[in-house]
Amino acid sequence: HIELAYYIAPDVPEGIVGDVTRLRQILVNLVGNAVKFTDRGEVVVRLALAEPDTVAAAQLPGEILLHFSVRDTGIGIPGDRMDRLFRSFSQVDVSTTRRFGGTGLGLAICRRLVELMGGAIWVESTPGQGSTFHFTLLTTPAANMLPAHQLAPPAESRAGVC
């Protein structure tokens, strides 16, 4: 009873130079958590260029800052417990661990990988309404790769449902 969808903004390059293994590990962990904590509704993965005011100070010419988000309609996280999320071996509460399992390492690993790739990770959440995990990555468009809107006839986005 969960819809899994994605949206890629049209100005995102078709290819980037980066560590596909680390990126895959981050996305698999965030999407896996979103599905695990969502009984009904949806999980949506979005990719866009980061807003100009969020560009990392270390950005070099030719680099871009990508903004990924994974939004779910799951159980959400109380505000007073979000500080525990990105710590090793830490979970929101004991009842969540009993019900959903896990070691409390996934988000700590995600944070470390994101930071190693020049980005940041954070979460927004409302109990009972879901969560959105965001992360940014500093990267370079692959050579000869243009934004999607320059490769094909104009389209609003690349989107889909899995």
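All of the points below concern the structure found in this document. Quick caveat: nothing in here was measured; it's all calculated off a predicted structure.

### A few points about the overall build of the protein chain
A tally of regular secondary structure across the protein chain gives 4 helices and 7 strands. In sequence order, the protein chain lays out its α and β elements as β-β-α-β-β-α-α-β-β-α-β. When the accessible surface of the protein chain is totalled, it reaches about 9200 Å², and 57% of it is carbon and sulfur.

### Points about the pairing of strand β6 (residues 130-141)
Counting buried positions over the 12 residues of β6 gives 10, a clear majority of the element. Here 2 bridges tie strand β2 (residues 16-17) to β6, and the two strands are oriented antiparallel to one another. Within β6, the position partnered with Val17 by the bridge is Thr140. Two elements, strand β4 (residues 64-72) and β6, share 8 bridges in a ladder whose sense is antiparallel. Note on β6: the bridge partner recorded for Ser69 is His134. By the bridge criterion, 6 bridges tie strand β5 (residues 121-126) to β6 in an arrangement that is antiparallel. Residue pairing for β6: Thr126 is matched across the bridge by Gly130. Hairpin connection from β5 to β6: 3 residues lie between these consecutive antiparallel strands, with Gly128 at a positive phi of about 85°.

### Considering the pattern of salt bridges
Any two side chains of opposite charge can pair, so long as their charged atoms come close to each other. Counted according to the given criterion, the structure contains 3 salt bridges. Across the pair Asp19 and Arg22 runs a salt bridge, and its minimum N-O distance is 3.4 Å. Taking the shortest distance from any N to any O, the salt bridge between Glu115 and Arg111 comes out at 3.7 Å. Remark: Arg111 and Glu115 occur in helix α3 (residues 106-116); sequence separation between them is 4 residues, near one turn of the helix.

### Observations regarding the nonpolar core
With 27 residues, the main nonpolar core has Ile26, Leu30, Phe133 and Phe135 as its most contacted residues. In terms of residue count, the dominant contributor to this core is helix α1 (residues 20-36) (5 residues). Among all residues touching Leu30, those that are not within four sequence positions of it are Val70, Leu107, Cys110, Phe133 and Phe135.

### Digging into the packing of aromatic side chains
In this structure the tally under the stated criterion is 1 aromatic pair. A centroid spacing of 4.6 Å and a plane angle of 5° characterise the contact between Phe68 and Phe135, whose relative ring orientation is stacked. A residue pair is termed long-range when its members are at least 10 positions apart, and Phe68 in strand β4 and Phe135 in strand β6 qualify at 67 residues.

### Quick notes on the environment of Thr126
Inspection of the secondary structure puts Thr126 in strand β5. In sequence terms Thr126 and Ile75 are 51 residues apart; their C-alpha atoms lie 8.2 Å from each other.

### Focus: α3
If you check which residues of α3 are buried, you get Leu107, Ala108, Cys110, Leu113 and Val114. Buried residues along α3 sit in contact with α1, β5 and β6. Gly118 lies just past α3 and shows a positive phi near 80°.

### A word on the packing of α1 against α3
Running from amino to carboxyl end, α1 crosses α3 at an angle of 145°, the nearest separation of the two axes being 10 Å. Crossing geometry of α1 relative to α3 is assigned as left-handed. Facing α1, whose interface residues are Arg22, Gln25, Ile26, Asn29, Leu30 and Asn33, α3 presents Gly106, Leu107, Ile109, Cys110, Leu113, Val114 and Leu116. In terms of residue class, the contact of α1 with α3 is made up of 8 nonpolar, 4 polar and 1 charged.

The rules behind the values
Residues numbered from 1 in each chain as written. Predicted model: local features only at pLDDT ≥ 70, side-chain atom pairs only at ≥ 80, totals over all residues. Heavy atoms only, no water. Helix = DSSP H or I, 4+ residues; strand = E, 2+ residues; numbered from the N terminus. Areas by Shrake-Rupley, 256 points an atom, 1.4 Å probe, with all protein chains shown as cover. Buried < 20%, exposed > 50% of the residue type's maximum accessible area, 1.4 Å probe, protein only. Pairing = 2+ DSSP bridges. Salt bridge = Lys/Arg side-chain N within 4 Å of Asp/Glu carboxyl O. Core = buried A, V, L, I, M, F, W, Y, C linked by side-chain atoms within 4.5 Å. Contact = heavy atoms within 4.5 Å. Phe/Tyr/Trp six-rings, centres within 6.5 Å; stacked < 30°, edge-to-face > 60°. Axes fitted to C-alpha atoms, helices over the stretch in contact; angles between N-to-C directions. Left-handed = near helix turned anticlockwise from the far one by under 90°. Nonpolar A, V, L, I, M, F, W, Y, C, P; charged D, E, K, R; others polar.

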